[in-house]
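Okay, here's what each chain looks like letter by letter:
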Amino acid sequence: MNIHEYQAKELLAKFGVPVPAGFAAMSVEEAVAAAGKLPGPLYVVKAQIHAGGRGKGKFKELPAEAKGGVRLAKSAEEVGMAAHEMLHNTLVTIQTGEHGKQVNRLYITDGVDIEKEFYLALLVDRATGRIAIVASTEGGMDIEDVAHHHPEKIHTFTVDPASGIQPHHGRAVANALGLTGDLAKQAANVTAKLYAAFIGTDAAQIEINPLAVTKDDGFGAKLLVLDAKVGFDPNALFRHKDLMELRDETEEDPAELEASKYDLAYIKLDGNIGCMVNGAGLAMATMDIIKLNGEFPANFLDVGGGASKEKVTAAFKIILKDPAVKGILVNIFGGIMKCDIIADGIVAAAKEVNLSVPLVVRLEGTNVQQGKDILANSGLPIVAANDLGDAAVKIVAEVRKAA
């Protein structure tokens, strides 16, 4: 689960992470009022959507030369003008795709005089089973571009979960960022507090870009988190009811949101063959073999190991709501999941939605013959497959025949 930048900063601030003052706004009036609460004279108006690249993005409804989703303002009046242009318009960025996302929230923050920008992130390193700290002097840029063109500028350290964050991790981050003296101490402090936030919220990602050094105003330069992206492990959210309240369902794909209500793992893809599979590994293999046969999967959908008839029916309906789907491949290996239950769900869903695209079903495992009998006696034009390879060949052939 992801949250907005303003929510991320408010959350990190509770763990002592230094962030500039700022307020969320849902209307032009609230944006102007937020500016009045800040010292000024410089303000930053930031569109709040679950996507990066906002500053370089463009609004569909505005002229091409109009500014993007992050703007500087020198007065409350300019804040209001920026808010008027942004709110309820569609921001297209490198991460949203061509459809973009509607901006319904803004974040008005205090302007900062920046001396230097860095990149700092905490992630789950699945290779080591540890939390990885990633640091780079190239803040403010797309980290993917830095990794491609200047991989030597990205430094990664892992934290042993048994001992947790230690002073040497902070020193390593400061050294990677080229910081000395008081700024090195601040870097170590920020690193430790970000780690505490990561552990305390069961986060999956905390990305700070940029982590900025402010210009010395006579009281010393400071490290400030100017932008933050935070995502949480969905499997741990049952422990964090307060975090669940931060969820913005308008930012989520409607099909993925519907799937989550039935505890289905669903991800929309760009192909034309819908997939319903039990088990993530089998689902990946199913998508791969569809591509090997010359077509592309329209989704990843894992119904899990113990799905009910109702859950299977819901999964089927979600797949068919995608207008890009021209055929469906059901690939089930019944272990805990029983093939006859899957077959009942398939038949019920197909009849309820008036199935109009080819359907190929491969069943194997517990109660497989009962499942095959249910499908064969359903009166529906279901194509049976003997194995995964046979299923992929048949669904690709059916889709192309119907085209």
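It should be emphasised that the depicted structure is a prediction, and the values quoted were computed from it without experimental measurement.

Asker: An account of the nonpolar core is needed here, citing residue identities and associated values.
Answerer: Membership of the largest hydrophobic core comes to 39 residues, with the highest contact counts inside it found for Leu 120, Leu 179, Leu 194, Ile 206, Ile 208, Leu 211 and Phe 232. Counting only elements with at least two residues in this core, the list comes to α1 (5–14), β8 (114–125), β9 (130–136), α5 (167–177), α6 (181–201), β11 (203–214), β12 (223–225) and β13 (228–232). The element best represented in this core is α6, accounting for eight residues. Beyond its immediate stretch of four places on either side in the chain, Ile 206 contacts Leu 12, Leu 120, Ala 121, Leu 122, Leu 194, Ala 197, Phe 198, Lys 229 and Val 230.

Asker: I'd like to hear about the side chain of Thr 90, residue by residue, with values.
Answerer: Examined against the element boundaries, Thr 90 turns out to sit in strand β5 (residues 90–92). Exposure remark for Thr 90: the relative accessible area of 14% places this residue in the buried category. For Thr 90, the contacting residues outside a window of four places in its chain are Lys 58, Phe 59, Lys 60, Glu 61, His 99, Gly 100, Lys 101 and Gln 102.

Asker: If you had to explain unusual backbone geometry to someone new, which residues and values would you point to?
Answerer: Cis geometry is found at the peptide bond from Gly 40 to Pro 41, where omega equals 5 degrees. If you trace the backbone, Pro 41 turns up in the loop between α2 (28–37) and β2 (43–47). A cis amide bond links Asn 209 to the next residue, Pro 210, at an omega of 10 degrees. For Pro 210, the position within the fold is in strand β11.

Asker: Break down the side chain of Thr 313 for me, with residues and values.
Answerer: Tracing the backbone through its elements, the reader meets Thr 313 in helix α10 (residues 309–320). Once you skip the residues sitting within four places of it in the chain, Thr 313 turns out to touch Gly 345, Ala 348, Ala 349 and Glu 352.

Asker: I'd like a rundown of the sheet that holds β2, residues and numbers included.
Answerer: Reading across from one edge, β1-β7-β2-β4 is the order of the four strands in this open sheet, with antiparallel pairing throughout. Both edges of this open sheet fall to β1 (22–25) and β4 (70–73), since each of them pairs with a single strand only. Across the sheet, the axes of successive neighbouring strands diverge by a mean angle of 20 degrees, strand direction being ignored. Looking at chain direction, β2 and β4 are connected through four bridges and run antiparallel.

Asker: Kindly report on the environment of Lys 222, identifying the contributing residues and their values.
Answerer: With respect to the helices and strands, the residue Lys 222 is situated in the loop between β11 and β12. Distance from Lys 222 to Ile 114, taken between C-alpha atoms, is 9.7 Å for residues 108 residues apart in sequence. Setting aside its immediate chain neighbours within four residues, Lys 222 contacts Leu 183, Gln 186, Ala 212, Val 213 and Thr 214.

Asker: How would you summarise the packing of helix α9 (residues 280–292) against helix α13 (residues 388–402) if you had to cite specific residues and measurements?
Answerer: As a packed pair, α9 and α13 sit with axes 9 Å apart at the nearest point and diverge in direction by 50 degrees. Comparing their axes, α13 and α9 come out oblique. Judged by the sense of rotation from one axis to the other, the crossing of α9 with α13 is right-handed. Within the contact between the two elements, α9 uses Ala 285, Thr 286, Ile 289 and Ile 290 and α13 uses Leu 388, Gly 389, Ala 392 and Val 396.

Asker: A description of the pattern of salt bridges should follow, citing residues and the corresponding values.
Answerer: Opposite charge on two side chains permits them to pair, given that their charged atoms come into close proximity. What the rule picks out here adds up to 18 salt bridges. One salt bridge in this structure joins Arg 130 and Asp 160, with 3.6 Å as the shortest N-O distance. Of this pair, Arg 130 sits in strand β9 while Asp 160 sits in the loop between β10 (154–159) and α5, placing them 30 residues apart in sequence. Under the relative-accessibility criterion, Asp 160 is labelled partly exposed at 30%.

Asker: Go over the environment of Leu 194, please, and point to the residues and values.
Answerer: Along the chain, Leu 194 falls in helix α6. Between the C-alpha atom of Leu 194 and that of Ile 208, which follows or precedes it by 14 residues, the distance is 9.7 Å. Sequence-distant contacts of Leu 194, that is, excluding residues within four places in its chain, are made with Leu 12, Val 17, Leu 120, Leu 122, Ile 206 and Ile 208.

Asker: So what's going on with α2? Which residues, and what values?
Answerer: Among the residues of α2, those classed as buried are Ala 31, Ala 34 and Ala 35. On an axial view of α2, the arc spanned by its buried residues comes to 100 degrees, and they lie on one face. Within α2, the exposed residues directed more than 90 degrees away from the buried face are Glu 29, Gly 36 and Lys 37. Close packing links the buried residues of α2 with β1, β2, α3 (76–86) and β7 (106–110).

Asker: Break down the layout of surface pockets for me, with residues and values.
Answerer: Sizing a probe to match a water molecule and rolling it over the atoms shows the empty space that remains. Roughly 170 Å³ of internal volume is contained in the second largest pocket. Taken together, Lys 67, Arg 71, Leu 72, Ala 73, Glu 78, Met 81, Ala 82 and Glu 85 form the lining of the second largest pocket. Of all the secondary-structure elements, those providing two or more residues to the lining of the second largest pocket are β4 and α3. If you tally residues by element for the lining of the second largest pocket, the top one is α3, at four residues.

Asker: How would you summarise the sheet that holds strand β6 (residues 101–102) if you had to cite specific residues and measurements?
Answerer: Strand order in the open sheet formed by three strands is β3-β5-β6, and the pairing between neighbours is antiparallel. What marks the edges here is a single partner per strand, and that holds for β3 (58–59) and β6. Of the strand pairs in this sheet, β5 and β6 are connected by two bridges, and their pairing is antiparallel. Residue pairing for β6: Leu 91 is matched across the bridge by Lys 101.

Asker: Go over the confidence of the model for the protein, please, and point to the residues and values.
Answerer: Of the residues in the protein, 99% have a pLDDT of 70 or more, and the chain-wide mean is 91. The secondary-structure element of the protein with the lowest mean pLDDT is helix α4 (residues 143–149), recorded at 82, while α6 shows the highest, at 97.

Asker: Residue-level account of the state of the cysteines, with values.
Answerer: In this structure the tally under the stated criterion is zero disulfides. Here Cys 275 is not cross-linked by a disulfide; its sulfur's nearest cysteine counterpart is in Cys 339, at 18 Å.

Asker: Mind laying out the pairing of β7, listing which residues take part and the relevant values?
Answerer: Most of β7 is tucked away, with five of its five residues classed as buried. Sheet topology note: the β1/β7 ladder contains four bridges and is antiparallel. Looking across to β7, one finds that Phe 23 is bridged to Ile 108.

Calculation notes
Residues numbered from 1 in each chain as written. Predicted model: local features only at pLDDT ≥ 70, side-chain atom pairs only at ≥ 80, totals over all residues. Heavy atoms only, no water. Core = buried A, V, L, I, M, F, W, Y, C linked by side-chain atoms within 4.5 Å. Buried < 20%, exposed > 50% of the residue type's maximum accessible area, 1.4 Å probe, protein only. Helix = DSSP H or I, 4+ residues; strand = E, 2+ residues; numbered from the N terminus. Contact = heavy atoms within 4.5 Å. Pairing = 2+ DSSP bridges. Axes fitted to C-alpha atoms, helices over the stretch in contact; angles between N-to-C directions. Parallel < 35°, antiparallel > 145°, perpendicular 65-115°, else oblique. Left-handed = near helix turned anticlockwise from the far one by under 90°. Salt bridge = Lys/Arg side-chain N within 4 Å of Asp/Glu carboxyl O. Arc of directions from axis to C-beta. 1 Å grid on protein atoms, 1.4 Å probe; cavity = no way out; pocket = protein on both sides within 12 Å on 5 of 7 lines; lining within 4 Å. Points joined across faces, edges and corners; volume = space filled by probe spheres on them. pLDDT = per-residue confidence, 0-100. Disulfide = S-S within 2.5 Å.

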